[in-house]
2 protein chains.
Amino acid sequence: MQRVFEALSSTVRRKILAYLSHAELTAGEIAGRFDISKPAVSQHLSVLQNAGLVESEKRGQFVHYRLVEANLANALNGYLQEVCPVSRPLKRESAGLKNQSRTAAQTDEAP
Amino acid sequence: MQRVFEALSSTVRRKILAYLSHAELTAGEIAGRFDISKPAVSQHLSVLQNAGLVESEKRGQFVHYRLVEANLANALNGYLQEVCPVSRPLKRESAGLKNQSRTAAQTDEAP
DNA sequence: AATATATTTAAGTCTTTCGTTAAATAATGA
DNA sequence: TCATTATTTAACGAAAGACTTAAATATATT
């Protein structure tokens, strides 16, 4: 929990997760999408991996990274239900979603 | 988005939110639940307030803090829907849309 | 074997964050 | 008014985080 939220506190790391949500990528492909050095990206990937949000597999000389969706979803949904108990805020929550011009959904999402 | 995740990256701040999920509390009541100084807690409350996760109201000499559940839920659910494909089919289904696949843009920052 | 490519580790700097104590602000009550 | 209580602001040092470049490791190529 601590590591997940710390991992998510960085814009670069959230962007990495967004990239990985579309496709598995090598470390180099990820680094190529940022203006920072490869070692810097490598460190960000370590943080994400230690948080359980990504996993890596070495194939040949490349290291492929992929998102671990379940861990991200469980961490965020779990925390949400801890702090925003489902019983109480359903109506207010979906009203808020509509208000923010995001399509309202996921009020009854399974864990 | 940035401020929300930065706010959530601290254990103390997540605990404050947990306390506030059960009841509205004054700054002093919150500070009394931690072993750090009152100014430290006050700063944490500022971070939470700047992130839109809590709001405060001064009544007499006390400042009462309460959780803004909708903002927390929207931030976390919104991010999850961006990054976790599993949440997207549900979203489509409940919205009755026949949207093809993921929208490629909008990776991180909210519109 | 020698070289090139992909990635990580190491070491150092710079900035940010987290805590502290002391002082300021504001409401309460003797 | 003066003192007390509640809270925040200010200033500062210690710890942590995010970069950098240089070096190490591992795989592929010639």
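Up top is the structure.
Worth saying up front: this structure is predicted, and the values here are computed from it rather than measured.

The subject of this paragraph is the packing of helix 2 (residues 11-20) of chain B against helix 4 (residues 38-50) of chain B. Residue and element names in this part refer to chain B. Where helix 2 meets helix 4, the closest approach of the two axes is 10 Å, and the angle between their N-to-C directions is 75°. The angle between helix 2 and helix 4 places the two elements in the roughly perpendicular class. Contact residues: helix 2 offers Val-12, Arg-13, Ile-16 and Leu-17, while helix 4 offers His-44, Leu-45, Val-47 and Leu-48. Residue classes in the contact of helix 2 with helix 4 are distributed as six nonpolar, one polar and one charged.

Here we come to helix 2 of chain B. If you check which residues of helix 2 of chain B are buried, you get Arg-13, Arg-14, Ile-16, Leu-17, Ala-18 and Leu-20 of chain B. Sitting at the amino-terminal end of helix 2 of chain B is Ser-10 of chain B, which places a side-chain oxygen 3.3 Å from the backbone nitrogen of Val-12 of chain B.

This next bit is on the protein's contact with DNA strand C. Taken together, 21 residues lie near DNA strand C, and Gly-28, Gln-61 and Tyr-65 of chain A together with Ser-37 and His-44 of chain B sit nearest. In DNA strand C, atoms within 4 Å of the protein come from the sugar-phosphate backbone in 76% of cases. The contact in question runs from a phosphate oxygen of DNA strand C to an N or O atom on the backbone of Ala-27 of chain A, over 3.4 Å. Between DNA strand C and Gln-61 of chain B there is a distance of 3.5 Å, counted from a sugar or linking oxygen to a backbone nitrogen or oxygen. If you list the elements that add at least two residues to the surface near DNA strand C, you get helix 3 (27-31), helix 4 (38-50) and strand 3 (62-67) of chain A together with helix 4 of chain B. Counting residues per element, the surface near DNA strand C draws most heavily on helix 4 of chain B, at four residues. Partitioning the surface near DNA strand C into residue classes produces eight nonpolar, 10 polar and three charged.

Taken together, 20 residues sit near DNA strand D, with Ser-37 and His-44 of chain A together with Gly-28, Ser-42 and Tyr-65 of chain B positioned nearest. Backbone sugar and phosphate groups make up 77% of those atoms of DNA strand D lying within 4 Å of the protein. Here Ser-37 of chain A contributes a side-chain N or O atom positioned 2.6 Å from a phosphate oxygen of DNA strand D. The contact in question runs from a phosphate oxygen of DNA strand D to an N or O atom on the side chain of His-44 of chain A, over 2.7 Å. Breaking the surface near DNA strand D down by element, the ones donating at least two residues are helix 4 of chain A together with helix 3 (27-31), helix 4 and strand 3 (62-67) of chain B. Looking at which element gives the most residues to the surface near DNA strand D, the answer is helix 4 of chain A, with four residues. In terms of residue class, the surface near DNA strand D is made up of eight nonpolar, nine polar and three charged.

So, how was this worked out
Residues numbered from 1 in each chain as written. Chains lettered and ligands numbered in written order. Predicted model: local features only at pLDDT ≥ 70, side-chain atom pairs only at ≥ 80, totals over all residues. Heavy atoms only, no water. Axes fitted to C-alpha atoms, helices over the stretch in contact; angles between N-to-C directions. Helix = DSSP H or I, 4+ residues; strand = E, 2+ residues; numbered from the N terminus. Parallel < 35°, antiparallel > 145°, perpendicular 65-115°, else oblique. Contact = heavy atoms within 4.5 Å. Nonpolar A, V, L, I, M, F, W, Y, C, P; charged D, E, K, R; others polar. Buried < 20%, exposed > 50% of the residue type's maximum accessible area, 1.4 Å probe, protein only. Polar contact = N/O pair within 3.5 Å; in protein donor to acceptor, adjacent residues only side chain to side chain. Near = heavy atom within 4 Å.

Limitation: the analysis is restricted to geometry and does not speak to function.
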